[in-house]
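# A look at the structure
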Amino acid sequence: MDRHRMRILGKIGRNTLLAIYAIFALFPLLWMIIITFKSDTEMYTTTFFFKPTLDNYVEVLLKTNYFKAFLDNIIVSSGAVIISVIVGVPAAYALARYNFKRKEDLAFTILSFRFAPEILVILPLFMIYQQLGIYDTYFGLIWVYQLITLPLLIWVLRGYFEDISVEVEQAAQLDGYSWYHVFWKILLPLIKPGLVASALLSFIFAWNSFTFPLLLNGFKIETVTVASLKYIASDTVHYGQMAVASTIAALPEVILALIIQKHLVRGLSFGAVKG
Amino acid sequence: MAHIELDNITKKFNKVTALNNISLEVKDKEFFVLFGPAGAGKTTILKTIAGIEFPNEGLVKIDKEIVNLIEPAKRNVSMVFENYALYPHISVYDNIASPMRSPLYKKDEEFIKKEVYRVASMMKIDHLMDRLPSQLSNGQRQRVALGRCLVREPNVFLMDEPLAHLDAKLRHFMRAELKEMQSSFNTTTIYVTHDYLEALSLGDRIGIINNGAIEQVGTADEVYYTPANEFVARLIGEPEINIFNVDLVNDNGKLKVNMLGQDRLFQLEDEVIGTLAKHDNEIVDLGIRGTNISYSLGKEDDDYIKGIVYSLEPIGNKSVLIVNVNDELIRLIAPNNLQAKLDSEIYIKIDMKNALFFDSEDKTFIIRNNQERLIKGMA
């Protein structure tokens, strides 16, 4: 009887804690969405009762060039991820499979791209970009985003390739498949969960990047993270408009994550070789 | 259906020499067994033939043609890997069908279905067709791997311990099945194992490998009755062969041996005396298998040697009796009903007709009695 009661108490306790955490995590997002419907005058009230208005949306979406920023962000972020995938998958394969001189040093160097805070390297980068004439270009931003996306992709995928027994590849070769067939038919399906997860994460990091687009872009190209800043005017801060910009900026990430959720399954590679 | 030849193959992994100047010839349609302890280089030989490891030196020939520079896919060899190497993301059916769907060996789906079910029923896995490899036991995975290998008609089957993970009953069944298949398939097979029973029962010829070098190549009879050296003799047979030093003594013009610290001399068979007399060392090693030693609880005649029961271990239908004779442990076969107390006295008799003699320095085989009659067709 006592044990039964303990179990119920345990369940209640667990769920209460989870609920508190959920509120803690989700409330800021909820508050942000609520703010988007508030007028500037009601902004600082903390009650949930207010007169909803769509003024903020009209202001941001129709009267500024927010869509241009949104599009720019899509171009540079997806461009960065696509190039990272094209470069990173073979790089990860090479690091996992082949032995060459200074292999671990190379892998570590790639990882070290993420060590320094962006703000630390931005000044030299700014000058280099000015000299090369790639300041304020799509190419320049996609290139610098490789510092963010490539290390992540390579290090995640290297682990996935290492998990695949080399004998599986050899067996496929003996079955009569060329290396390209082996790659498309055997390797790619096996690294897919890792590829999808790391590409998504890379995309999110690139999408949310702020320092690089702020300082390496001028007027031609603008990302949503930088565009959101514009609602801090000299006289007042338009929190409502800023909230709209942020909410819409978060949408693609949420939608992408939901779409590819079913590919984020692990464990396919287990059980193929002797355990 | 091919003749395989390895010509002075040397393979190094960094500084470790895996294969040291190996030459080997496997005849067309032969069932050739590579047998040796773990790490001897058996798997490396298979991979070298398959083309997935490249020799540092030497030539690989399939049907007299040098294939060193031919891709693995185009050598038309079929291999079972020791760790199965199944494709984890596709079903058992698709795994077995894979070789017949590749661009090189393409067949139509109807034919594939027939063939897949043929090998699957042979391997007794036809009820598992829709499962993924991760949903199978190790024994089932091994049979899928074997099925994927056997579904083709390659130049040569390469099998790396294909029965190692099956339970004893299934292993016996599959061993018989493989032997049967071999005679009907007419395909060259190279089979790696570390189980001497498998090696003796399956192999037309057996190659014994140790430390990347070939110790002996011969038929089952040859390697069992006339092992090339003490290593081969110890590797084959259960319990392990007894090998100990004996002194050759000239007793009034007739060569005899003094062994196991006994006072008397033991007779040698006439056939071996001539060869042993020519041998320049007075000390040789004598090898005698456990089945060729008899025992008695009392001293029946002068040939019986006194010893002490060291251990008695039942192994199913018989027991292994270990007797301590002057600090030399002698292993022999005894029936299960033997009642022998540990440390009690026992007498053993060594059947000199079946004794093998080895050089005590380089451990190579010298002579045994009855050699020509045991090895049919041996030179």
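Residues numbered from 1 in each chain as written. Chains lettered and ligands numbered in written order. Predicted model: local features only at pLDDT ≥ 70, side-chain atom pairs only at ≥ 80, totals over all residues.

### Structural notes on the overall build of chain B
Helix and strand counts for chain B come out as ten helices and 21 strands. C-alpha extents for chain B along the principal axes are approximately 80 × 45 × 40 Å. Each of the 379 residues in chain B was classed as buried or not, and the buried ones make up 41%. Sequence-distant contacts, at least 24 apart, represent 65% of the contacts inside chain B between residues at least 6 apart. (Helix = DSSP H or I, 4+ residues; strand = E, 2+ residues; numbered from the N terminus. Buried ≥ 20, exposed ≤ 12 C-beta atoms within 10 Å, placed from the backbone. Contact = placed C-beta atoms within 7 Å.)

### Topic: the overall build of chain A
Within chain A one finds eleven helices and zero strands. The C-alpha atoms of chain A give 24 Å as radius of gyration, which overshoots the globular expectation for 275 residues (19 Å, by more than 25%). Taken along its principal axes, the extent of the C-alpha atoms in chain A is 80 × 70 × 30 Å. Scored against the burial criterion, the 275 residues of chain A give a buried share of 32%. For chain A, contacts bridging at least 24 residues in sequence account for 80% of all contacts bridging at least 6. (Rg over C-alpha atoms; globule rule 2.2 N^0.38 Å.)

### Focus: the interface of chain A and chain B
Chain A puts 22 residues into the contact, and the matching count from chain B is 24 residues. Elements that contribute at least two residues to the side of chain A that touches chain B include exactly helix 7 (166-174) and helix 8 (179-208) of chain A. Here the element with the most residues in the side of chain A that touches chain B is helix 7 of chain A; it accounts for six residues. Counted by class, the side of chain A that touches chain B contains eleven nonpolar, eight polar and three charged residues. (Nonpolar A, V, L, I, M, F, W, Y, C, P; charged D, E, K, R; others polar.)

### Some details on the UniProt feature "transmembrane region" (unreviewed entry) in chain A
Residues and elements named next belong to chain A. Residues annotated by UniProt as "transmembrane region" (unreviewed entry) correspond here to residues 12-34, 74-96, 108-129, 141-161, 182-207 and 239-260. In residues 74-96, the share of helix is 100% and the share of strand is 0%. The end C-alpha atoms are 31 Å apart. Helix makes up 100% of residues 182-207 and strand 0%, whereas the separation of the span's terminal C-alpha atoms amounts to 33 Å. (UniProt positions renumbered as here; feature names shortened; annotations may be inferred.)

### Notes on the sheet that holds strand 7 (residues 156-160) of chain B
Residues and elements named next belong to chain B. Pairing within the open sheet is mixed, and its six strands lie in the order 6-7-8-3-9-10. Of all strands in the sheet, those bounded by a partner on one side alone are strand 6 (77-80) and strand 10 (213-218). With strand direction ignored, the average angle separating the axes of adjacent strands in the sheet is 15°. Summarising the sheet, strand 3 (residues 31-35) and strand 8 (residues 188-193) pair through five bridges and their orientation is parallel. By the bridge assignment for strand 8, F32 is matched with I190. (Pairing = 2+ DSSP bridges. Axes fitted to C-alpha atoms, helices over the stretch in contact; angles between N-to-C directions.)

### Side note on the confidence of the model for chain A
All names here are of chain A. Taken as a whole, chain A shows an average pLDDT of 87; of its residues, 95% reach a score of 70 or greater. At the low end of the mean pLDDT range in chain A sits helix 2 (residues 55-63), at 86; at the high end sits helix 3 (residues 66-97), at 94. Per-residue pLDDT stays below 50 along residues 267-275; that stretch engages in 26 contacts with residues further than four places along the chain or on separate chains. (pLDDT = per-residue confidence, 0-100.)

### Topic: the sheet that holds strand 4 (residues 57-62) of chain B
All names here are of chain B. One open sheet accounts for four strands, arranged 2-1-4-5; its pairing is antiparallel. Looking at strand neighbours, the two that pair on one side only are strand 2 (16-26) and strand 5 (65-66), the edges of this open sheet. As paired strands, strand 1 (residues 4-13) and strand 4 are joined by five bridges and run antiparallel to one another. Pairing of T10 across the sheet is with E57, part of strand 4.

### Notes on helix 7 of chain A
The periodicity of an α-helix, 3.6 residues per turn, causes residues three or four places apart in sequence to face the same way. Taking burial as the measure, the nine residues of helix 7 of chain A include eight buried ones, the bulk of the element. Buried residues along helix 7 of chain A sit against helix 8 of chain A together with helix 1 (42-50) and strand 6 of chain B. The first or second residue beyond helix 7 of chain A is G176(A), which carries a positive phi of 110°.

### Some points on the environment of V254(A)
Residues and elements named next belong to chain A. Within the secondary structure layout, V254 lies in helix 11 (residues 239-259). Taking the number of C-beta atoms within 10 Å as the measure of exposure, V254 has 9 and is therefore exposed. Residues V254 and I204 lie 50 residues apart in sequence; the distance between their C-alpha atoms is 9.7 Å.

### Overview of the pairing of strand 14 (residues 283-288) of chain B
Residue and element names in this part refer to chain B. Judged by how many residues are buried, strand 14 sits mostly within the fold: five of six residues are covered. Looking at chain direction, strand 11 (residues 242-251) and strand 14 are connected through six bridges and run antiparallel. By the bridge assignment for strand 14, F244 is matched with L286. Sheet analysis places strand 14 next to strand 20 (residues 356-359), joined by four bridges and oriented antiparallel. When the bridges of strand 20 are listed, V284 appears paired with D359.

### Brief notes about the pairing of strand 2 of chain B
All names here are of chain B. Of the pairings in the sheet, the one linking strand 1 to strand 2 comprises seven bridges and is antiparallel in character. Counterpart to E5 in the pairing with strand 2 is E25. Joining the antiparallel neighbours strand 1 and strand 2 is a turn of two residues, in which N14 adopts a positive phi near 50°.

### Brief notes about unusual backbone geometry
All names here are of chain B. For the bond running from E238 to P239, omega is -5°, close enough to zero to count as cis. Tracing the chain through its elements places P239 in the loop between helix 8 (230-235) and strand 11. Positioned with a positive phi, N211 is a non-glycine residue whose angle comes to about 50°. For N211, the location among the structural elements is in the loop between strand 9 (205-210) and strand 10. Taking the C-beta count within 10 Å as the criterion, N211 has 15 such neighbours and is therefore assigned partly exposed.

### So, the nonpolar core
Soluble globular proteins: nonpolar side chains tend toward being buried together. Membership of the largest hydrophobic core comes to 140 residues, with the highest contact counts inside it found for L157(A) and L158(B). When near neighbours in sequence (up to four residues on either side) are disregarded, L158(B) contacts L46(B), I49(B), A50(B), V77(B), S78(B), M79(B) and I190(B). Core analysis: the next-biggest nonpolar cluster, separate from the first, contains 14 residues, F70(A), Y231(A), A243(A) and A249(A) among them. (Core = buried A, V, L, I, M, F, W, Y, C linked by C-beta atoms within 7 Å.)

### Considering the environment of V166(A)
Residue placement: V166(A) occurs in helix 7. On a C-alpha basis, the gap between V166(A) and R97(A) in space is 8.0 Å, while along the polypeptide they are 69 residues apart.

### Topic: helix 3 (residues 109-122) of chain B
In this model, helix 3 of chain B (14 residues) spans 20 Å end to end at C-alpha, consistent with the 20 Å of a helix rising 1.5 Å per residue. At the C-terminal side of helix 3 of chain B, K124(B) shows a positive phi close to 60°. (Expected span 1.5 Å × (residues − 1).)

### Let's talk about the packing of helix 2 (residues 92-101) of chain B against helix 3 of chain B
All names here are of chain B. It is at 10 Å that the axes of helix 2 and helix 3 come closest, and there the two elements cross at 125°. Overall, the two elements helix 2 and helix 3 adopt an arrangement that is oblique. Note on packing geometry: the crossing formed by helix 2 with helix 3 is right-handed. Contacts between helix 2 and helix 3 involve Y93, I96, A97, M100 and R101 from the first element and I112, E115, V116, V119 and A120 from the second. (Parallel < 35°, antiparallel > 145°, perpendicular 65-115°, else oblique. Left-handed = near helix turned anticlockwise from the far one by under 90°.)

### Quick look at the confidence of the model for chain B
With 99% of its residues at a pLDDT of 70 or more, chain B shows a mean pLDDT of 88. Quick note on the complex model: pTM equals 0.80, ipTM equals 0.82.

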